[in-house]
Amino acid sequence: MNSGKSLAKLWNVIINPTTLKGTSIKSWEKIATLLIYEGYEFVEWHTKHKNNAIRITENLLHDGIRQIMVIGGDGTLNEVVNGIMRSGISPEEVVLFLIPSGTGNDWAKSHGIKRNAKLILSMLYNENIVMHDVGLVRSIRNTQTNSRYFINIAGFGFDASVIKRVQESRKYKVGNGLIYIKNLLITLLSHKSVDCRIEIDNEIIEKFTFSIAVGICKYNGNGMMQVPMAKFNDGIFDIILIEQMSILQVIFQIPNLFKGKHINHPKVHHYQGENISILPMGRFYGEVEGELLDEGVYEIRNCKEKAGVVVVGREKVTGDR
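Residues numbered from 1 in each chain as written. Predicted model: local features only at pLDDT ≥ 70, side-chain atom pairs only at ≥ 80, totals over all residues. Heavy atoms only, no water.

Novice: Can you walk me through the pattern of salt bridges in this structure?
Specialist: Once their charged atoms are close, side chains differing in charge can pair, the charge on each being opposite to the other. In this structure the tally under the stated criterion is 6 salt bridges. Residue lysine 50 pairs with glutamate 291 through a salt bridge whose shortest N-O separation is 3.4 Å. You can see lysine 50 sitting in the loop between strand 2 (41–46) and helix 2 (52–62) and its partner glutamate 291 sitting in strand 15 (residues 291–293), a full 241 residues away along the chain. Owing to a relative accessible area of 54%, lysine 50 belongs among the exposed residues under this scheme. Here arginine 197 ties to glutamate 206 by a salt bridge, and the two come within 3.8 Å at their closest N and O atoms. (Salt bridge = Lys/Arg side-chain N within 4 Å of Asp/Glu carboxyl O. Helix = DSSP H or I, 4+ residues; strand = E, 2+ residues; numbered from the N terminus. Buried < 20%, exposed > 50% of the residue type's maximum accessible area, 1.4 Å probe, protein only.)

Below you can see the structure in the form of structure tokens.
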């Protein structure tokens, strides 16, 4: 599928130099050398701190830029998406291209994108631009409302508790697979399920809830196929709700999470909808691509406007059924 846009050979590139301890820079230099040989030109922008990519993106769009390349992981991509959606410029005017350089690269995994120079070049040549769903999470507490856009998965409950523990370790970055699994197991010892009232397109669900994943794409948590049935452009969220489980039940399901087979467990439920609200009766964290959300009532909606992204041709996308 092609949106009808034609790509120029000049790209503004937002680079997160901290991903993989700087190896993203070396990877980018190798790819850039090939692309320059093929006639492409680049203007580079290096992020300096957390959420810096949001401001860089907004500034670029206000200056008339409409093609943005990202060198980084899921977190950097999410910041750029937030910059696009907050800019006031229609996201449908923008073309986004990711060269994955993090450790998890979960969004890229859904689209079959790898850090391979020849693949990147073929993606640019083929101009396979698709219109991609975008979601918005609002966390509401008293009179305070905070918002975060996403194009992958928003996680609530256990998933977010793991992210919180990883971040508190300070020594490590979210995205390291082994560190993530280690903290997942540690979090199991203290995490408690919470009674939640969930509304999905006017359907009321009340369950003692271990976790909720609201998916546009399939993967999060460093390769876990949390939402295996998700389709990135159907305008509908796929929601995976996991009821309270014992520690042993969760541990036994970890291998299934990487294969998408956890959905066969009787305590795992699949829903679909465009608008979701989550009212927890206790502490229930939320996160988007490793960015913790403020606690409160969560409202999630599928945005009407879609974002243009360059992906691998559909015949090469992994995980399709």
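Once the structure has been displayed, the description carries forward.
Novice: Quick question: what am I supposed to make of the nonpolar core here?
Specialist: Proteins that are soluble and globular tend to have nonpolar side chains buried together. The biggest cluster of nonpolar side chains holds 77 residues, and the ones touching the most others in it are Trp11, Trp28, Phe156, Ile278 and Ile300. In this view, tryptophan 11 contacts Tyr40, Glu41, Phe42, Val43, Gln67, Ile68, Met69, Val95, Phe97 and Leu124; residues no more than four positions away in its chain are not counted. Residues Phe158, Ile163, Phe210 and Ala213 belong to the second largest nonpolar core, which totals 20 residues. (Core = buried A, V, L, I, M, F, W, Y, C linked by side-chain atoms within 4.5 Å. Contact = heavy atoms within 4.5 Å.)

Novice: Help me understand helix 3 (residues 74–86) in this model?
Specialist: The periodicity of an α-helix, 3.6 residues per turn, causes residues three or four places apart in sequence to face the same way. Relative to the 18 Å expected for 13 residues at 1.5 Å per residue, helix 3 spans 18 Å between its end C-alpha atoms, a close match to the ideal helical length. The buried count for helix 3 comes to 11 of 13 residues, which makes it a mostly enclosed element. All of the buried residues along helix 3 are Asp74, Thr76, Leu77, Asn78, Glu79, Val80, Val81, Asn82, Gly83, Ile84 and Met85. Positive phi shows up at glycine 88, right after helix 3, with a value of about 90°. (Expected span 1.5 Å × (residues − 1).)

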